[in-house]
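# Remarks on the overall topology
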Amino acid sequence: MPKTVVVGAGVIGLASAYELARRGHEVTVVDKGEPGKSCSAGNAGWITPSLSAPIPGPGLTWTSIRWMLSKESPLYIAPAAVPHLSRWLWRFWRYCNAADNLAGFHATATLNRLTIPLFEELAKDGFPIELHRRGLLFLFTNRRSMEKTRAEFEVLKEYGYRMPAILDRTAITGMERGLSDKVTSGFTVDGEYHVRPETLTDAYVARIKQLGATIKSGVEVTGPLRHNGKIAGIETASGPIEADNVLIAAGAWTGLVAGKFGARLPVQAGKGYSLTIPTDTEIFSRPLYLGDVKVGVSPFVGALRFAGTMELSGINTILNRGRLDGVLRSVGRYFEAPLAKKAGQEWVGMRPLTPDGLPMLGRAPGHENVYVATGHAMLGITLAPATGRVMGEMMTKKATSVPVGAFEPGRFDW
């Protein structure tokens, strides 16, 4: 029975550990924190294969420079962090073109073919997750923004999507109550899901343990364990852990961990914020995408979550009050009542970003038995089961269900 140690107990590491354990690996998962309590805990929980486009896109170069001047913008680059991020930002901006964006979209959309079937498989297998199958409602206060966003669905036709029908204000208010008169247009994308992410990570933890895997919290990885010059596990501050394979799935910290193994990976942190407020009744029947300000609203059982922004300020978990307040102000014009101003649970998390906006899935450069799974940006929940599936296949020497060549970790000259 092969031994595998997974570094990182976020949703990607847990999904991968689950797939490896069910394939007969003796799995140990380690994390410097608690399983599922970092980036996976407070996000919107969207399962949206339609949103497969990578973050770098045409026109984003100049737009992002302009956004640097506003702390309330959807993408904020902290000026103080620019010197440290300059090399990574230069690579990121080089991918802000139509050709790379389209290629990245097709690669991600192909991986996303597994997404809905695998979530249904989890539900069928009795995973106790709060899963909703209600689609996604896009809302706009600016019709031009709506038309531009809707046009992006043209390329999705080959993946089974139809062009969404435009909804006017009358149709929208017939679907959801409590929207302000500034919301004038939108469209729905049926077939998309959302899940309360905490229930997903908790379910993975429980099932992994049932399969005989070990999960260790508060473990700091210090480097590789070597026997006769070969990597034979990991060294930690609390002692060595022997393994035949190592999978680094440490989210935004993956580059730092991989560096201890001699692998240079350009992974940066994209900080996101959310506010979760308790509710006694269902306020919205489906998740909302506030398209003009790029904020998501997720209704859960007994709660409503507002999530958004992308802040590039280095790896840190400091809650920038101005950024969170900016999210709340930006959503205010969409609703009749100031829902987001209710007392709630504030959260900040580090999304792992690569320069081309695509995940890294495969062997770490220069290693035979060290693997990487990271870089999912804003699609961590969406792509978790699919990532777990292909990593399980890859690490048991089987052909993957879908092509993953575009996600090769060694694709960057770093």
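As the structure is a computational prediction, the values presented were derived from the model and not from experiment.

Evaluated as defined, the whole model comprises 14 aromatic pairs. Taking 5.3 Å as the distance between ring centres and 80° as the angle between the ring planes, the aromatic pair formed by Tyr18 and Phe127 counts as edge-to-face. Linking Tyr18 in helix α1 (residues 11-22) with Phe127 in the loop between α5 (115-124) and β5 (131-132), this pair joins segments that are 109 residues apart in sequence. For the pair formed by Tyr18 and Phe127, the shared burial category is buried. Ring plane angle 70° and centroid distance 5.1 Å describe the contact between Phe138 and Tyr289, whose orientation is recorded as edge-to-face. Of this pair, Phe138 sits in strand β6 (residues 136-140) while Tyr289 sits in strand β16 (residues 288-290), and the two are 151 residues apart along the sequence. Tyr289 matches Phe138 in its accessibility class, with the two residues each being buried. In textbook terms, an aromatic cluster arises when at least three aromatic residues are bridged by ring pairs, as seen for Trp46, Phe138, Phe140, Phe153, Phe187 and Tyr289.

What follows is about the layout of surface pockets. In this structure, the second largest pocket spans a volume of roughly 280 Å³. Taken together, 17 residues form the lining of the second largest pocket, with Leu265, Pro266, Val267, Gln268 and Trp414 sitting closest to its centre. In the lining of the second largest pocket, the residues fall into 10 nonpolar, five polar and two charged.

Within the fold, Ile208 resides in helix α8 (residues 197-210). By relative accessible area, which is 0% here, Ile208 ends up buried. Each C-alpha atom of the pair Ile208 and Glu130 lies 18 Å from the other, and the pair is 78 residues apart in sequence. Setting aside its immediate chain neighbours within four residues, Ile208 contacts Leu14, Ala17, Tyr18, Ala213 and Ile215.

Turning to empty space enclosed by the protein, a few remarks are in order. A complete count under the given rule lists two cavities of 30 Å³ or more for this structure. As for the largest cavity, its lining consists of Tyr18, Glu19, Leu118, Glu121, Leu122, Tyr204, Pro385 and Arg389. Those elements giving two or more residues to the lining of the largest cavity turn out to be α1, α5 and α11 (380-395). Per-element tally for the lining of the largest cavity: the top contributor is α5, with three residues. Here the residues of the lining of the largest cavity sort into five nonpolar, no polar and three charged. As a volume, the second largest cavity reaches approximately 30 Å³. Along the walls of the second largest cavity sit Ile55, Leu75, Trp88, Phe92, Met310, Leu312 and Leu353, which together make up its complete lining. Sorting the residues of the lining of the second largest cavity by element identifies α3 (82-94) and β18 (303-312) as the ones contributing at least two each.

Taken in spatial order, the three strands make up an open sheet running β3-β9-β5, and their pairing is antiparallel. Of all the strands in the sheet, just β3 (46-47) and β5 have a single pairing partner and so form its edges. Pairing analysis gives two bridges linking β5 to strand β9 (residues 193-195), with the strands arranged antiparallel. Bridge pairing in β9 places Leu131 opposite Val195.

Its 12 residues give helix α10 (residues 321-332) an end-to-end C-alpha distance of 17 Å, which sits within 8% of 16 Å, the value for a rise of 1.5 Å per residue. Along α10, the residues that are buried comprise Arg323, Leu324, Gly326, Val327, Leu328, Ser330 and Val331. Where α10 is buried, its residues contact β4 (75-77), β15 (268-278), β16, β17 (295-300), β18 and β19 (345-353). Near the N-terminus of α10, the side chain that reaches the backbone nitrogen of Gly322, with its oxygen 2.9 Å away, is that of Asn320.

As a further point, take the pattern of salt bridges. In the structure shown here, the tally under the stated rule is 19 salt bridges. We note a salt bridge from Arg389 to Glu121, for which the minimum N-O separation is 2.8 Å. With Arg389 in helix α11 and Glu121 in helix α5, this pair connects stretches of sequence that are 268 residues apart. Judged by relative accessible area, Glu121 falls into the partly exposed class, the value being 27%. Of the charged contacts in the structure, one is a salt bridge between Glu368 and Arg363, with a shortest N-O distance of 3.9 Å. Residues joined by salt bridges that share partners form a network here, namely Glu19, Arg22, Arg23, Glu121 and Arg389.

So, on to the pairing of strand β11 (residues 221-227). Relative to strand β12 (residues 230-236), β11 runs antiparallel, the two being bridged by five bridges. Residue pairing in the sheet places Val221 in a bridge with Thr236 of β12. Turn length for the β11-β12 hairpin, with the two strands adjacent in sequence and antiparallel, is two residues, and the turn residue Asn228 shows positive phi of about 55°.

Compared with the 20 Å implied by 1.5 Å per residue over 14 residues, the 20 Å span of α8 between its first and last C-alpha is a close match. Among the residues of α8, those classed as buried are Pro197, Glu198, Thr199, Leu200, Thr201, Ala203, Tyr204, Val205, Arg207 and Ile208. Just downstream of α8, Gly212 is the residue with a positive phi angle, here 95°.

The rules behind these values
Residues numbered from 1 in each chain as written. Predicted model: local features only at pLDDT ≥ 70, side-chain atom pairs only at ≥ 80, totals over all residues. Heavy atoms only, no water. Phe/Tyr/Trp six-rings, centres within 6.5 Å; stacked < 30°, edge-to-face > 60°. Helix = DSSP H or I, 4+ residues; strand = E, 2+ residues; numbered from the N terminus. Buried < 20%, exposed > 50% of the residue type's maximum accessible area, 1.4 Å probe, protein only. 1 Å grid on protein atoms, 1.4 Å probe; cavity = no way out; pocket = protein on both sides within 12 Å on 5 of 7 lines; lining within 4 Å. Points joined across faces, edges and corners; volume = space filled by probe spheres on them. Nonpolar A, V, L, I, M, F, W, Y, C, P; charged D, E, K, R; others polar. Contact = heavy atoms within 4.5 Å. Pairing = 2+ DSSP bridges. Expected span 1.5 Å × (residues − 1). Polar contact = N/O pair within 3.5 Å; in protein donor to acceptor, adjacent residues only side chain to side chain. Salt bridge = Lys/Arg side-chain N within 4 Å of Asp/Glu carboxyl O.

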